[in-house]
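Each chain, written out:
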Amino acid sequence: MLAYLKESIMKYISGLAIIFLLTLSSAFSQTKLNGESFSERLKNTPNAQLVDVRTAEEYGAGHLPNARNVDFRKNDFLQQMESLDKNEPVMIYCLGGGRSAEAAKLLVAQGFKEVYDLEGGYMRWTVEKRPVEGVDRSNNPIVGMPVSEYNELIASDKPVLVDFTAKWCAPCKALYPKIKKMESEFEGRAIVKIIDIDVNKTVAEHLGIQYLPLIYLYKDGQIVWQTTGAVSENKLREVISEQL
């Protein structure tokens, strides 16, 4: 009888714990929004707290209107975020969506009730021609490689593998040794080019790059294969060899 009573009490306590956790999770939410939904929510939420979690350098080259900059990778990120109201919506973004997704999870864990994350980040926002601040468009300055040089590169009669990357992109860093190995293996037979999108903004915007890592394989100026995310060394070797 005593054992049965203990079992019943434990089941009751477990049930209460589950209800508590479900209630808690519904009180704090992290939501990913596409550009249109993010823009609409900004317009309809006068008290929204808009935060750009990129580096100060990235922010200085252009950002969403009225956004404040708090670098997610800095040690004082949470300390700076404490100045925000946890009961009011927080809307965050980074360049491609990776850092902001991590930041959103962290903020929800810290008690922020509503956190909205821009899907595709600043890259997709600009590709969709949405409003930004801090960008000098007066003379359409070329940043990094000109588009004409890129077009000349991919027009080669050899296969051309282009790896788009960024210093802040962790998957890109993991991919880097594989790309360098392909560059060595196919030297003289194929062209392997690594392009940092932060350094070469003109080309990145011209191509409408929204995700990283991104790899294009060209033959005679045409894309014959492409992939995003992780890819094996063997796959890279295979697709290049097919175009020789």
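This text follows the structure it describes.
These numbers come from a predicted model, not from an experiment.

**Focus: the side chain of aspartate 71**
Part 1 of the reasoning: Checked against the element boundaries, aspartate 71 lands in the loop between β3 (68-69) and α4 (77-81).
Part 2 of the reasoning: Although aspartate 71 is buried, it forms no salt bridge, and the closest oppositely charged side chain is lysine 74 at an N-O distance of 4.5 Å.
Part 3 of the reasoning: There is a polar contact of 2.9 Å between the side chain of aspartate 71 and the backbone nitrogen of arginine 73.
Part 4 of the reasoning: Filtering out sequence-adjacent residues up to four positions away, aspartate 71 remains in contact with Val53, Arg54, Thr55 and Phe77.

**Observations concerning the state of the cysteines**
Part 1 of the reasoning: Summed over all chains, the structure comprises one disulfide.
Part 2 of the reasoning: Shown here is the disulfide that connects cysteine 169 with cysteine 172, its sulfur atoms set 2.4 Å apart. Around the S-S axis, the bridge from cysteine 169 to cysteine 172 shows a dihedral of about 75° and counts as right-handed.

**Thoughts on the packing of aromatic side chains**
Part 1 of the reasoning: Applying the stated criterion across every chain, the model contains seven aromatic pairs.
Part 2 of the reasoning: The interplanar angle of 25° and the centroid separation of 6.5 Å between the aromatic rings of tyrosine 93 and tyrosine 122 together place this pair among those described as stacked. With tyrosine 93 in strand β4 (residues 90-93) and tyrosine 122 in helix α6 (residues 121-127), the pair connects residues that are 29 residues apart, well separated along the chain. Here the two residues tyrosine 93 and tyrosine 122 agree in accessibility, since each one is buried.
Part 3 of the reasoning: Relative to tyrosine 216, the ring of phenylalanine 164 has its centre 5.7 Å away and its plane inclined at 80°; by these criteria the two rings are edge-to-face.

**Points about unusual backbone geometry**
Part 1 of the reasoning: With an omega of -10°, the peptide bond running from leucine 212 to proline 213 counts as cis.
Part 2 of the reasoning: With a phi close to 60°, lysine 129 is a non-glycine residue in the positive phi region.
Part 3 of the reasoning: One non-glycine residue, aspartate 220, lies in the positive phi region at around 55°.
Part 4 of the reasoning: Of note, aspartate 220 is situated in the loop between β8 (214-219) and β9 (222-228).

**Details of the pairing of β9**
Part 1 of the reasoning: In terms of strand pairing, β8 meets β9 through six bridges, oriented antiparallel. By the bridge assignment for β9, leucine 214 is matched with threonine 228.
Part 2 of the reasoning: Between the antiparallel neighbours β8 and β9 lie two residues, among them aspartate 220 with a positive phi of about 55°.

**Observations concerning the pattern of salt bridges**
Part 1 of the reasoning: For the structure on display, the rule yields 12 salt bridges.
Part 2 of the reasoning: Residue lysine 180 is joined to glutamate 183 by a salt bridge in which the shortest nitrogen-to-oxygen separation is 2.7 Å. Highlighted residues: lysine 180 and glutamate 183, both in helix α8 (residues 170-185), separated by three residues, approximately one helical turn.
Part 3 of the reasoning: The class of lysine 180 is partly exposed, set by a relative accessible area of 33%.
Part 4 of the reasoning: Residue glutamate 183 is classed as partly exposed on the basis of its relative accessible area of 31%.
Part 5 of the reasoning: Glutamate 185 is the partner of arginine 237 in a salt bridge, and the nearest nitrogen-oxygen pair spans 2.9 Å. Here arginine 237 is found in helix α10 (residues 233-242), whereas its partner glutamate 185 is found in helix α8, with 52 residues between them in sequence.
Part 6 of the reasoning: Take arginine 237: its relative accessible area is 22%, and that puts it in the partly exposed class.
Part 7 of the reasoning: Each of Lys181, Glu185, Glu233 and Arg237 takes part in salt bridges that share partners, so that together they form one network.

**A closer look at the packing of α8 against α10**
Part 1 of the reasoning: Following both chains from N to C, one finds α8 and α10 inclined at 35°, their axes separated by 10 Å at the closest point. In this structure, α8 crosses over α10, and the sense of that crossing is right-handed. Across the interface between the two elements, Lys178, Ile179, Lys181, Met182 and Glu185 from α8 touch Glu233, Leu236, Arg237 and Ile240 from α10.
Part 2 of the reasoning: The class makeup of the residues in the contact of α8 with α10 is four nonpolar, no polar and five charged.

Calculation rules
Residues numbered from 1 in each chain as written. Predicted model: local features only at pLDDT ≥ 70, side-chain atom pairs only at ≥ 80, totals over all residues. Heavy atoms only, no water. Helix = DSSP H or I, 4+ residues; strand = E, 2+ residues; numbered from the N terminus. Buried < 20%, exposed > 50% of the residue type's maximum accessible area, 1.4 Å probe, protein only. Lys, Arg positive; Asp, Glu negative; His and termini not counted. Salt bridge = Lys/Arg side-chain N within 4 Å of Asp/Glu carboxyl O. Polar contact = N/O pair within 3.5 Å; in protein donor to acceptor, adjacent residues only side chain to side chain. Contact = heavy atoms within 4.5 Å. Disulfide = S-S within 2.5 Å. Phe/Tyr/Trp six-rings, centres within 6.5 Å; stacked < 30°, edge-to-face > 60°. Pairing = 2+ DSSP bridges. Axes fitted to C-alpha atoms, helices over the stretch in contact; angles between N-to-C directions. Left-handed = near helix turned anticlockwise from the far one by under 90°. Nonpolar A, V, L, I, M, F, W, Y, C, P; charged D, E, K, R; others polar.

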